[in-house]
Amino acid sequence: MNKLLNNSLWLLIAILGASAVGGIALNRGENINALWFITAALCVYTIGYRFYAAWIAATVLRVDNTRATPAERLDNGRDFVPTNKWIVFGHHFAAIAGPGPLVGPTLAAQFGYLPGTLWILFGAVLGGCVQDMVMLFLSTRRNAKSLGQIARDELGPLGGTAALIGTFAIMIILIAVLGLVVVNAMKHSPWATFTVSATIPIAMIVGLYMRYFRPGQVLEASALGVILLLLAVAGGRFIDEHETLRGLFNHEGLTLAWWVMAYGLAAAILPVWLLLAPRDYLSTYMKLGTITLLAVAIIMLQPNVKMPAITPFIDGTGPIFGGKLFPFVFITIACGAISGFHALISSGTTPKLLSNERDIRMIGYGGMLLESFVAVMAMVAATVLDPGVFFAINSSAGVVGANAVDAVAKISAWGYPVSVEQMQNLARQMGEATLFARTGGAPSLAVGMASIFGSAFGEGMLALWYHFAIMFEAIFILTTLDAGTRVGRFMLQDMLGNIWPAMGRTSWMPSVILTSALVVSGWGYFLYIGVIDPNGGVNILWPLFGIANQMLAAIALCVATGILIKSGKFKFAWVTGLPLLWLITVTSTAAWQKIASTDIRIGFFAAADDLADKLATGVLPAEKAAIAPQLIFNLQLDAGLTMSFVCLLWLIVFDMLRVCMRYLAGKTVLPLSESPHSSSRLVEEWVRD
C-alpha cells in the first residue's frame, strides 16, 4: 500500500511538471501566469534529484558512506575540517551562486521567456548538476585536489598543463564581467553605491565580532550582520537626499571600477576570517531569504509574464547583444544551467569540508538545483516587466540613442511601446535619476524584483525594494569576485611555485601581494575595457564570459569522462559525455561566430575593422575617436583570447580521447590517482547527529 501511494505521488508530480512545462512551451498569444514557472521548476528539480541524481550516485559513482573523506583523514583544523553537511551546503551555495544566474537569464530574455527557461530547467538537471556532483566526488576521492591538478594526474602533462592555463585565463574573464555588472549597477546611483559600499565594513564588523568580541556566538553575529545590511539600505535614502553626502557617492563608471579593483586586491590579501568568511556567511542568509521571499510574493500575486515566449530578436538583431538564438542563448545563460566556475568550487574547496560521501548528492547536485531555481526567479522578475521598459533599461545609448525621445521612439518601433513619461515615473519611484541605458542586467532585474515586492508588500516602498535588490545582487557579485580573486591567486602561486618554490608558499606575504596584484591587474584590465566601451561593455564581454565559462565546464566534463572510462565504466560515460558533446558544439560554434562573423555586432574582428575604418575617415565623434584605438585593440585581444580558449579546449579533448583509446585498447595509461580506501571513524557520530 505504501509503495502504491509513493508511486502515485511521483506520478502526480510528473504529470504536474509535464503540464507546467507544456503550458510554458505551448502558450502563444496570451500572457502566462508566473506560477507555472515555479511549478515547472519544482517538479523538474524534484524528479531529477530523486531519480537521476540518486541513480548516478549509487550506480555510476558508487558513493561509499563508510569511506573516510579527505576532511577526516587530513584534518588539520585549518584547511581540512570535517563539517556538518548543512554548513557545507551553505558554504558551497554561497561560493557557486554568483551573478550569473541573475544576470544571464535577464539578458537572455531579449529572445523571449521560453528558450532561456527550458535551457535553465533541463540544462541544470542533465548537465550543470551532474558536473558539480561528479567533480565533487572525483576531488573527494583524490585528496580534494583542484580541477587542474586532477587533469594533470589523470591525462598527463600535456592535457593537465592546458587545463591549468585555460582555467586560470578563463577565471580572469569571469571576474572581470562580475565587476562590470556591479559597476553598471552603481554608476551615478549614490543610494546603490552607498549600500554596496556599506556591505564591506559590515562584513568586517561581523568577522571581528565572531573572532574577538563574542567567539562562538554565531546567531548574535548573524543577527547583527542582517540588521546592519537592512539599515544600510534604509540609510542609502538619507545619503541620496542629502545634497553634500550625495556627491560623495555619485561617481562615473571608471571611478567605481578603480574602487572595485582596490576591493578585490584587499580581499585577496586580508585574512579570510576578516572579510571573505563573514561575507559568504551573510550572503547565504540574504540569498536564500530573498529568493524565498520572491517565490512567496510570486505565489501570492501570481503575476502575468508580459514578455512574449519568443521575440523577433532570435534572428540575431537583438539590442542587448548580437547573435542568433543558437548558440547565444546557451552561452548567455551559463550559471543557472551549467557553469564551469562551479567545477573550481566542487574541486579543491568544498571537498576539504565534506565529512561523508553520502552528502555529495545533496551538496553537489542539490546546490546547483538551488542556483538554477534562482535563475528561474530571475527570468520571472525580468519578464513580468513591460517589454518596452525592459529594453529601455537594457539597451545601450549606442544602440537606441542617448536622447530619451529617440530611445523610446526606436524601442516602440520594434513593437514594444514605452514612453518618456513612463520611464521618468519609474525612475522616480525607484529613487533613481534615470533608468535609460542601465546595461548589465542588474538594474532591470532590480526593477522587476522591486515591482513584485512592492505589489506584494507595499508599493510605497518601491525605492527601498529597488535598492534592497541592488544590494542583494551586489552581494552575489562581490562574494564571487573576492572568492574568485583569491582562488586565482592560489592558482598563480601554484604555477609560479614550479619556477620559484618560494612563490608557491601561500602564506609568504611577498608572494601573496605580488600574485594578488597580478590577478587583479588581469581582470581589472578587462573591467576597464567594459567600462570605457560606449555600448556598455556587455555586448563585448558577456559573450566572451559565456564562452569562457562554458568552455571551463567542458574541460571539467572532459576530465570526468576520461576518469569514468579509465575506471572501467565506459557504459556510463554518456552521463558526462553527452553534456560534454553539447558544450563542445555550443562553445565552438559561438567562438567561431565571434571570430569569423562579418556582422559588426557579433564578430570581434569585424567590429574592430569597422571602427578602424570610421576612425580613418574621421566620422567618429571626438569622444569616441579618443578611445577608438583602445577599443580596436581590445576587440582584437578578445578575438585572440577566444581562439586561445578554443585551442586549449580541443587540445584537452583530443588528449582525453587519446588516453581513453589507449585504455580501451589495453595499452599503458597513467594509473588512477584515487586515494586508497580508508574506513571512516565519523560514520557512527554523523549518523547519530
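Report on the accompanying structure.

Glancing now at the side chain of threonine 515. Relative to the helices and strands, threonine 515 is located in helix H23 (residues 509-532). The class for threonine 515 is buried, based on a relative accessible area of 0%. The residues contacting threonine 515, other than those within four sequence positions of it, are Arg489, Leu492, Gln493, Leu496 and Met503.

On to the packing of helix H8 (residues 157-186) against helix H12 (residues 253-269). Relative orientation of the contacting elements H8 and H12 amounts to 130°, with a least axis distance of 9 Å. One finds that H8 runs oblique with respect to H12. Crossing geometry of H8 relative to H12 is assigned as right-handed. Across the interface between the two elements, Gly179, Val182, Val183 and Met186 of H8 pack against Gly253, Leu256, Ala257 and Val260 of H12. Partitioned by chemical class, the residues of the contact of H8 with H12 number six nonpolar, two polar and no charged.

As a further point, take the pattern of salt bridges. Under the criterion given, the structure shown has 11 salt bridges. Close ionic contact of arginine 67 with glutamate 674 constitutes a salt bridge, the shortest N to O distance being 3.6 Å. Taken together, the positions of arginine 67 in the loop between helix H2 (35-61) and helix H3 (70-73) and glutamate 674 in the loop between helix H27 (622-664) and helix H28 (683-688) put the pair 607 residues apart, joining distant regions of the chain.

We now examine the environment of threonine 479. Note that threonine 479 resides in helix H22 (residues 462-497). A C-alpha to C-alpha distance of 10.0 Å links threonine 479 and leucine 178, two positions 301 residues apart in sequence.

Time to look at the environment of leucine 648. Inspection of the secondary structure puts leucine 648 in helix H27. Judged by relative accessible area, leucine 648 falls into the buried class, the value being 18%. In this structure, the C-alpha to C-alpha distance between leucine 648 and threonine 161, residues 487 residues apart in sequence, is 9.6 Å.

So, on to the packing of aromatic side chains. On inspection of all chains with the given rule, the structure shows 24 aromatic pairs. With 6.3 Å between their ring centres and 35° between their planes, phenylalanine 453 and phenylalanine 457 make a pair best called tilted. On the criterion of helical spacing, the pair formed by phenylalanine 453 and phenylalanine 457 is a turn pair, its members being four residues apart in helix H21 (residues 442-457). Assessed through its relative accessible area of 32%, phenylalanine 457 is described here as partly exposed. One aromatic cluster in this structure is built from Phe313, Phe390, Phe391, Trp414 and Tyr416. Cation over ring: arginine 361 sits above tyrosine 49, and NZ or CZ is 4.3 Å from the ring centre.

A few words now on helix H19 (residues 404-413). Of all the residues in H19, the buried ones are Ala407, Val408 and Ile411. Looking straight down H19, one finds that the buried residues subtend no more than 90° of arc, so they occupy a single side. The exposed set on the far side of H19, more than 90 degrees from its buried face, consists of Val405 and Ala413. For H19, the secondary structure elements touched by its buried residues are helix H17 (387-394), helix H18 (397-400) and helix H20 (420-430). Measuring from the backbone nitrogen of valine 405 back to the side-chain oxygen at the start of H19 gives 2.8 Å, which picks out asparagine 403 as the cap.

Moving on, we get to the nonpolar core. Tyr45, Leu147, Tyr365, Met377, Leu435 and Trp523 are the most contacted members of the largest nonpolar core, which has 210 residues in total. Sort the elements by how many residues they give to this core and helix H24 (residues 538-566) lands first, with 19 residues. When residues no more than four places from it in sequence are discounted, the contact partners of tyrosine 365 are Gly48, Tyr49, Tyr52, Ala53, Val125, Cys129, Val130, Met133 and Ile360. In terms of nonpolar packing, the next biggest core, distinct from the first, is built from 11 residues, Phe604, Ala608, Leu631 and Ala639 among them.

The subject of this paragraph is a nonpolar patch on the surface. On the surface, Val296, Met300, Leu301 and Phe457 cluster together to form a nonpolar patch covering roughly 320 Å² of accessible area. Of all the elements, helix H13 (residues 276-301) adds the most residues to the nonpolar patch, at three residues. Along the chain, leucine 301 falls in helix H13.

Bringing empty space enclosed by the protein into the picture now. Enumeration according to the criterion identifies four cavities of 30 Å³ or more in this entry. Its volume calculated, the largest cavity comes out at about 70 Å³.

Rules used in this analysis
Residues numbered from 1 in each chain as written. Predicted model: local features only at pLDDT ≥ 70, side-chain atom pairs only at ≥ 80, totals over all residues. Heavy atoms only, no water. Helix = DSSP H or I, 4+ residues; strand = E, 2+ residues; numbered from the N terminus. Buried < 20%, exposed > 50% of the residue type's maximum accessible area, 1.4 Å probe, protein only. Contact = heavy atoms within 4.5 Å. Axes fitted to C-alpha atoms, helices over the stretch in contact; angles between N-to-C directions. Parallel < 35°, antiparallel > 145°, perpendicular 65-115°, else oblique. Left-handed = near helix turned anticlockwise from the far one by under 90°. Nonpolar A, V, L, I, M, F, W, Y, C, P; charged D, E, K, R; others polar. Salt bridge = Lys/Arg side-chain N within 4 Å of Asp/Glu carboxyl O. Phe/Tyr/Trp six-rings, centres within 6.5 Å; stacked < 30°, edge-to-face > 60°. Lys NZ or Arg CZ within 6 Å of the ring centre and 35° of its normal. Arc of directions from axis to C-beta. Polar contact = N/O pair within 3.5 Å; in protein donor to acceptor, adjacent residues only side chain to side chain. Core = buried A, V, L, I, M, F, W, Y, C linked by side-chain atoms within 4.5 Å. Patch = residues over 30% accessible without salt bridge, like charges linked within 9 Å, V, L, I, M, F, W, Y side chains within 5 Å. Areas by Shrake-Rupley, 256 points an atom, 1.4 Å probe, with all protein chains shown as cover. 1 Å grid on protein atoms, 1.4 Å probe; cavity = no way out; pocket = protein on both sides within 12 Å on 5 of 7 lines; lining within 4 Å. Points joined across faces, edges and corners; volume = space filled by probe spheres on them.

The values reported here are purely geometric and, on their own, carry no functional implication.
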